[in-house]
Number of protein chains: 2
Amino acid sequence: MEHQTLYTSSVFGKLQADANRLELPEMHLRNLIHTPGRLEAFCLETRGFLFDFSRQRLDETVLSHLHELAAERDALSLFRGMMRGDKLNRTENRAALHTAARSFSGEPVLVDGVNIMPDIKRVREEIRQFSSRILKGEITGSTGKRFSHLVVIGIGGSYLGTEFVSEALKAYSDTGIRLYYLSNVDIHNFGRIATEIDPEATLWVVISKSYTTAETMANEQLAVRFMKEKGLDPAGHIVTVTAKGSPGDVGGNENKVQRLAAFHMFDFIGGRYSVTSAVGGVPLSLFLGYERFERFLKGAEEMDLHAVTADVDKNIPLTSALISIWNANLLGYSSQAIIPYASPLAKLPAHVQQLNMESNGKSVSASGTPVPYPTGAIIFGEPGTNAQHSFFQLLHQGRTVPVEFIGALVPQYSTYHSRSKGVTNHQELWANLLSQPMALALGKEDPDPARCFSGNRPSSSIILPDLTPESIGRLLSFYEAKTVFEAFLWGINPFDQFGVELGKKLATGIRKEMADRNQNEGHAFGSDEPIVNFYLEKLFKNR
Amino acid sequence: MEHQTLYTSSVFGKLQADANRLELPEMHLRNLIHTPGRLEAFCLETRGFLFDFSRQRLDETVLSHLHELAAERDALSLFRGMMRGDKLNRTENRAALHTAARSFSGEPVLVDGVNIMPDIKRVREEIRQFSSRILKGEITGSTGKRFSHLVVIGIGGSYLGTEFVSEALKAYSDTGIRLYYLSNVDIHNFGRIATEIDPEATLWVVISKSYTTAETMANEQLAVRFMKEKGLDPAGHIVTVTAKGSPGDVGGNENKVQRLAAFHMFDFIGGRYSVTSAVGGVPLSLFLGYERFERFLKGAEEMDLHAVTADVDKNIPLTSALISIWNANLLGYSSQAIIPYASPLAKLPAHVQQLNMESNGKSVSASGTPVPYPTGAIIFGEPGTNAQHSFFQLLHQGRTVPVEFIGALVPQYSTYHSRSKGVTNHQELWANLLSQPMALALGKEDPDPARCFSGNRPSSSIILPDLTPESIGRLLSFYEAKTVFEAFLWGINPFDQFGVELGKKLATGIRKEMADRNQNEGHAFGSDEPIVNFYLEKLFKNR
């Protein structure tokens, strides 16, 4: 990368001057948004996916400087390189090819000179056939009962994205499959699911690239034991999604239980980017049917193609990433709220929390030097209007938090037309979706300070035409592209996650103390940390 | 209040000097936590509820200055006044008596000279009798079918806290009642519930103090229409929780549908503090049985009594609030993560988001002058270990976010003892609960910057003995008391929420535009805001 940091970009000084200028009273959003042609100038659209940033605190000058920044930081060429198979994940010496998982173009994608597309298409085809045979009842549980419950065992990237999509498209699920996520090692998670499923009709999908993830292995072991207690053969109830040759691959390790099938994941797709791979593919094809999963993939591919081909001034994910940098590093906002005015998108904030915060919560550049500025923002959110009755008080009169509002023109349920106050529920929802960004931007003067609104609080609005599989695919891909564009602008690697290592390492030492005491009641806890020993004694006294 | 702002407190200068001192390398947490007797000095306990702040960035000097601050700000006497009925909610001229809702002491509590306790006890008794008759099948649906589905219609404070408690105690639910929350006006919310319930066996609890909340009224109307379509008499399927004499009170307004019963809420208990009133009482008594609801109340009362009687150096919620001020206003942290290592507490972060951000996301003092410093923090969280596989990367290597870890010594499911890597699932969970605060505090040097951890990242740990109704009650009350103590220290009013008014007002204008077009296809949208008119056209084109 030519420019080591944002600060060494030649345009950064201009942006700092812009940021000072934006503090002038006449640059209040209530003035900016009343500039003629405001919406037209600050709104982009592709295939009905509309990105409106007219309520962000910027003007044409800022925008053109941000475009310069994108050019200086090579954002678009890095993105092209990513889709072509460049090893942008330098610390792990890997490509980052989640976009290949939804490529239907027929173009080869080379990693170390080898075309990976045949493998990707093979896995897709295996998922299509397997899900179809399960849903037709050609493959049944070990007692011959048709599968009607699906438990996904996986944590982090192995479930958050899939959960977002399955919740978003639940209204379309007609497969008769009930879907559960067993992510946490917390026994409450397993205990609750065990009371709700029919063991004979339950298919377990165990997802782990390495097949060594502590939580996932502990939960698989509980599931195996549970099936054996019910007199069932676990081999007929478990499929895996894992790397080729891992201990969870079929035939990979004969000490392990046998499994119904294994679907491969690849080292060039990281967990938090894996929804369009077999990680999402197996559960979603069983829950929604493979056809809908493929429509979802095609929506994601559309947004990929937009992201890689649209010029910077038309490029939605890149523009959105530039605004993140503007808000974080020039205006100084530390967080970002995502508020979908669409209940089916309720799990989107949790997915983007992982995707973005794990990718960009970094303090080291892609080339290994400390970065001197804040990177990834704190992301949180709940659906509107719920959030209005929760933390919006703070957004209006407390700390400033840039908001991303999301709405859909057409709801999934079109059968309810009863009106309250002269409008349908969907219209009532939209009245709020339209009023909130305005209230944040405009503010309101009042002689009573408690009723004063300072306004000038920025937001974007993303409008989807509907909540079909294609639209959800575009939305997923939008957030992936936005995340990697942010990282390219900051000059960091969005594909590694060394920040989780230290806690894991310390847990290993603590686990060993526990295992030793489990083995031998006389074992004295010997952690270097007195505080840890105090809690270990307390925990074991309460066994 | 004697001291208008934090800044005018005489001790504030000392705290600023402390904050500078804490920046010295030798004050890194890895040194602080190895001070002899660290845990003993920075850990408090009441009735098994343990609050460990040994991993916060403070020492004995800071703590004694914080104690001085509490005294200067009259925090404890304000709290006593609150529980006694003082009208601390000055902007609305109301008392704030959520603590009275769980008082079993027999002491009178006076508001305007009138003892409110008889009314509170009457409502509790009505809930006890009503829930018992429903659960015994003495009251049935209009076709004689026993109630087995419960839909709570309410938004914000009318459901978030109840949802937290019902999720936390779900493992104990043996009433056969399936519980749903219909909060959002979003038609997807209603649409999904309508496909899952048995209308004849469904009881709807409509919760709104004023009985005018737009979302709740729209949803009640959908429910009434739905029941009529199914040939059911809504009067036999709806109970309300509302203010005496509101349009939802029984006999309150003869134009409205009749209802099975109405339970009163009082103007001295705000929505976000109302879980222990009829707002939580009606649904929780039906879902868990009244006995467990009362055990929950008694746990909450215990924490109230601790908060009001414990001296500042022993007072858990007050200490926790002082740390909030230290972290927000002296160390400059803008957010706070809540990470329960207990899946049943999964909804706690959403509840505290509302409770705390709506209470303390303010910019005006209780006496009506602008406050010159940031107040309430941005609160977010997900259960551990899930969160470790999501945003913990950022917590370890990105922005610094103080964390509140929560664990329980004894889980609700004690029947699963299978071991993975020599430990049970509950022990594995604890290995992580113990390792994460240590990793955040200690950090780790590494020649490779990408594998470096700066450490010095603060956290508290709350340890509950178990997840019984009493423990959940204490936890709920802890967060309520912490929130109001923070407000007392900042000098703001935690009981009003004028920040939500502007958005509502703008929505009213937009709703009217929609209703006019619904009435008359020829109506031209006439909002003052061109952006709003653009979206209205778009929405109506896609009807």
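None of the values given here were measured: they were computed from a predicted structure.

J.: Could you give me a rundown of the packing of helix α10 (residues 278-288) of chain B against helix α11 (residues 290-309) of chain B, with the residues and numbers involved?
T.: Residues and elements named next belong to chain B. Where α10 meets α11, the axes come as close as 7 Å, and the angle between the chain directions of the two elements is 130°. With respect to their mutual orientation, α10 and α11 come out oblique. Mapping the contact onto sequence places Gly 280, Gly 281, Leu 284, Ser 285 and Leu 288 in α10 and Tyr 290, Arg 292, Phe 293 and Phe 296 in α11. Residue composition of the contact of α10 with α11, by class: 5 nonpolar, 3 polar and 1 charged.

J.: Got a sec to walk through the packing of aromatic side chains? Specific residues and values, please.
T.: Inspection of every chain in the model, using the stated rule, returns 50 aromatic pairs over all chains. Seen in terms of ring centroids, Tyr 535 of chain A and Trp 430 of chain B are 6.5 Å apart; in terms of plane orientation they differ by 50°. Their pairing is tilted. Residue Tyr 535 of chain A is located in helix α18 (residues 530-541), and its partner Trp 430 of chain B is located in helix α15 (residues 425-442); the two belong to separate chains. Among the residues examined, Trp 430 of chain B registers a relative accessible area of 1% and is labelled buried. When the centroid spacing of 5.3 Å and the interplanar angle of 45° are considered together, the rings of Phe 49 of chain B and Phe 478 of chain B count as tilted. One end of the pair, Phe 49 of chain B, is in strand β2 (residues 49-52); the other, Phe 478 of chain B, is in helix α16 (residues 469-490), and 429 residues separate them in sequence. Accessibility assignment for this pair places Phe 49 of chain B and Phe 478 of chain B in one class, buried. Within the aromatic cluster, the residues linked to one another by ring pairs are Phe 42, Phe 49, Phe 51, Phe 53, Phe 478 and Tyr 479 of chain A.

J.: Could you give an account of the confidence of the model for chain A, naming the residues involved and the relevant values?
T.: Looking at chain A, pLDDT values average 95 and 98% of them are 70 or higher. ipTM for the predicted complex: 0.96, alongside a pTM of 0.97.

J.: How would you sum up the sheet that holds strand β1 (residues 43-46) of chain A? Please name residues and give values.
T.: All names here are of chain A. Across the sheet, 6 strands lie side by side as β1-β2-β15-β12-β10-β11; this open sheet has mixed pairing. Only two strands of the sheet have a single neighbouring strand rather than two, namely β1 and β11 (378-380). Along the sheet, successive strands turn relative to each other by an average axial angle of 15°, direction set aside. Note: strand β10 (residues 335-341) against strand β12 (residues 403-408), 5 bridges, orientation parallel. What sits directly across from Tyr 341, in β12, is Gly 407. Its contacts with the sheet place helix α13 (residues 348-360) against β10, β11 and β12, and it is angled at close to 165° to β11.

J.: Could you give me a rundown of α10 of chain B, with the residues and numbers involved?
T.: Residue and element names in this part refer to chain B. The element α10 is extensively covered by neighbouring structure, given that 11 of its 11 residues are classed as buried. All of the buried residues along α10 are Ala 278, Val 279, Gly 280, Gly 281, Val 282, Pro 283, Leu 284, Ser 285, Leu 286, Phe 287 and Leu 288. Positive backbone phi, at 90°, marks Gly 289, one or two positions downstream of α10.

J.: Break down the interface of chain B and chain A for me, with residues and values.
T.: Between chain B and chain A, the contact holds 139 residues from the first and 139 residues from the second. Together, the buried faces of chain B and chain A total about 12600 Å²; carbon and sulfur atoms form 62% of this surface. A per-residue breakdown of the area chain B buries against chain A is headed by His 188, Arg 399 and Tyr 535 of chain B, which together make up 6% of the total. For the pair chain B and chain A, the number of links is 6 salt bridges. Here Glu 428 of chain B makes a salt bridge to Arg 511 of chain A, at a shortest N to O gap of 2.6 Å. The leading source of residues in the side of chain B that touches chain A is α15 of chain B, at 14 residues. A breakdown of the residues in the side of chain B that touches chain A according to their chemical character gives 63 nonpolar, 51 polar and 25 charged.

J.: I'd like to hear about the sheet that holds strand β11 (residues 378-380) of chain B, residue by residue, with values.
T.: The strand order β1-β2-β15-β12-β10-β11 (chain B) describes an open sheet built from 6 strands, whose pairing is mixed. For this open sheet the edge positions go to β1 (43-46) and β11 of chain B, each flanked by a neighbour on one side alone. Strand-to-strand twist of the sheet, defined as the mean angle between neighbouring strand axes without regard to direction, takes the value 15°. Summarising the sheet, β1 of chain B and β2 of chain B pair through 4 bridges and their orientation is antiparallel. From the neighbouring strand, Thr 46 of chain B faces β2 of chain B, where its bridge partner is Phe 49 of chain B. Sitting on the sheet, α18 of chain A is in contact with β2 and β15 (459-464) of chain B, with an inclination near 170° to β2 of chain B.

J.: Tell me about the relation of the copies chain B and chain A, and name the residues and values.
T.: One copy of the chain maps onto the second through a rotation about an axis and a displacement along it. Between chain B and chain A, which share one sequence, the superposing operator has a rotation angle of 180° and an axial displacement of 0.0 Å; the RMSD is 0.0 Å. Such a combination of turn and shift is consistent with a two-fold rotation axis. Judged by C-alpha distance, Phe 380 of chain B is the residue of chain B that lies nearest the rotation axis, at 3.2 Å.

J.: How would you summarise the pairing of β10 of chain A if you had to cite specific residues and measurements?
T.: Regular strands place side chains that alternate from one sheet face to the opposite one. All names here are of chain A. Burial analysis of β10 places 7 of its 7 residues in the buried class, the great majority of the element. Strand direction decides the pairing type here: β10 and β11, joined by 3 bridges, are parallel. Across the sheet, residue Ala 337 finds its bridge partner in β11, namely Phe 380. Once you follow β10 into α13 and on to β11, the crossover reads as right-handed.

Cut-off values and rules
All chains use their own residue numbering, which begins from 1 and follows the written sequence. Labels are handed out in written order, letters beginning with A for the chains and numbers beginning with 1 for the ligands. Thresholds applied to this predicted model are a pLDDT of at least 70 for local features of residues and 80 or more for the giving and counting of side-chain atom pairs; totals over whole chains, interfaces and linings are not thresholded and use all residues. Hydrogens and water are ignored here; the side-chain numbers use all heavy atoms of the structure. Interaxial angle, 0 to 180 degrees, is taken between N-to-C directions of lines fitted to C-alpha atoms, where a helix line uses only the stretch in contact. Think of it this way: any DSSP run of H or I at least four residues long counts as a helix, any run of E at least two long counts as a strand, and we number them from the N terminus. Reported orientations rely on four angle classes, namely roughly parallel under 35 degrees, roughly antiparallel over 145, roughly perpendicular from 65 to 115, and oblique for the rest. For this analysis, residues touch if any pair of their heavy atoms sits within 4.5 Å. Three classes are used: nonpolar for Ala, Val, Leu, Ile, Met, Phe, Trp, Tyr, Cys and Pro, charged for Asp, Glu, Lys and Arg, and polar for all others, with Gly counted as polar. In summary, the pairing rule links any two rings of Phe, Tyr or Trp, Trp by its six-membered ring, whose centres are within 6.5 Å, and it sorts them by plane angle into stacked for under 30 degrees, edge-to-face for over 60 and tilted for everything else. Each residue's exposure class comes from its accessible area (1.4 Å probe, protein chains only) as a fraction of the maximum for that residue type: buried when under 20%, exposed when over 50%, partly exposed otherwise. One confidence number per residue, pLDDT, is output by the predictor and ranges from 0 to 100. A pair of strands is considered paired only if DSSP assigns at least 2 bridges between the two. Buried area: the accessible area, evaluated with a 1.4 Å probe, that two parts lose upon being put together, summed over both parts. Salt bridge, as used here, is a side-chain nitrogen of Lys or Arg placed within 4 Å of a carboxyl oxygen of Asp or Glu. Least-squares superposition of the copies uses the C-alpha atoms of those residues scoring a pLDDT of at least 70 in each of them. Look down the strands so they point away from you; if going from the first strand over the helix to the second traces a clockwise path, that crossover is right-handed.

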